[in-house]
Amino acid sequence: MKKINEIFYSLQGEGFHTGTPAVFVRFSGCNLKCPFCDTQHENGILMSDEEILHEVNKYPARMVILTGGEPSLWIDDAFIDMLHATRKYICIETNGTRPLPEGIDWITCSPKTGSQLRLKRMDEVKVVYLGQDIAPYEQLPAAHFFLQPCSCQNTQETIACVLQHPRWRLSLQTHKLIDIP
């Protein structure tokens, strides 16, 4: 059984896949306590893998985004294989502090300051910018780097940082800007 905060269908609102229709499986629970987290970890219901798959398959999108909280607390190879068996393209948004099952198609790592990363692979790095030094993140093994304002409160500072570090791209939470889940 896995603790699910919510399963919903929308557009990916941030990072590399912005604008892509996706089914979001938001897990409850995390091994970190970030002050800007938008997940209510106390909420959620326990669901079996089959119940999750049934909900995911109600929607026409091929892309499934495992998010949270921290989804690596809940997923395993069998769960990934089950989603792949229905031809889903599996993305994960993780803090990178725990190993992941093999077979995930796209890994978005959102590292937090002071956390020990345990990932061997990441496709994109997405950092919530709080004025920290971003140079250490540039050493991570990823092809795409995104800097994101914290709830659009520091957008101008984030833009200035991207302009100073052109390897990075600005990522806005467009789902919040256009008022979709």
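Look a little higher up for the structure.
Residues numbered from 1 in each chain as written. Predicted model: local features only at pLDDT ≥ 70, side-chain atom pairs only at ≥ 80, totals over all residues. Heavy atoms only, no water.

(A) A look at empty space enclosed by the protein. For the coordinates displayed, the defined rule picks out one cavity of 30 Å³ or more. Roughly 40 Å³ of volume is contained in the largest cavity. For the largest cavity, the full set of lining residues is Gln12, Glu14, His17, Ile65, Cys91, Ile92, Glu93, Trp106, Thr108 and Glu124. Among the elements of the structure, strand E5 (89-94) and strand E6 (106-109) are those that each provide at least two residues to the lining of the largest cavity. Per-element accounting of the lining of the largest cavity gives the leading share, three residues, to E5. Here the lining of the largest cavity is composed, by residue class, of four nonpolar, three polar and three charged. (1 Å grid on protein atoms, 1.4 Å probe; cavity = no way out; pocket = protein on both sides within 12 Å on 5 of 7 lines; lining within 4 Å. Points joined across faces, edges and corners; volume = space filled by probe spheres on them. Helix = DSSP H or I, 4+ residues; strand = E, 2+ residues; numbered from the N terminus. Nonpolar A, V, L, I, M, F, W, Y, C, P; charged D, E, K, R; others polar.)

(B) Spatial organisation of the sheet that holds strand E1 (residues 2-11). With mixed pairing, nine strands are arranged side by side in an open sheet as E3-E1-E2-E4-E5-E6-E7-E8-E9. The open sheet is flanked by strand E3 (45-47) and strand E9 (169-170), the only strands paired with a single partner. Most of the contacts of helix H3 (residues 155-164) go to strand E8 (residues 144-149), to which it runs at about 155 degrees, and overall it touches strand E7 (124-129), E8 and E9. (Pairing = 2+ DSSP bridges. Contact = heavy atoms within 4.5 Å. Axes fitted to C-alpha atoms, helices over the stretch in contact; angles between N-to-C directions.)

(C) View of the nonpolar core. In this structure, Val25, Leu66, Phe79 and Trp168 are the most contacted members of the largest nonpolar core, which totals 37 residues. With four residues, the single largest contributor to this core is helix H2 (residues 77-85). With near-sequence residues (within four places) excluded, Val25 lies in contact with Ile4, Glu6, Ile7, Ile52, Val56, Val64, Ile65, Leu66 and Thr67. One finds Ala22, Met63, Ile65 and Cys91 within the second-largest nonpolar core, a separate group that totals seven residues. (Core = buried A, V, L, I, M, F, W, Y, C linked by side-chain atoms within 4.5 Å. Buried < 20%, exposed > 50% of the residue type's maximum accessible area, 1.4 Å probe, protein only.)

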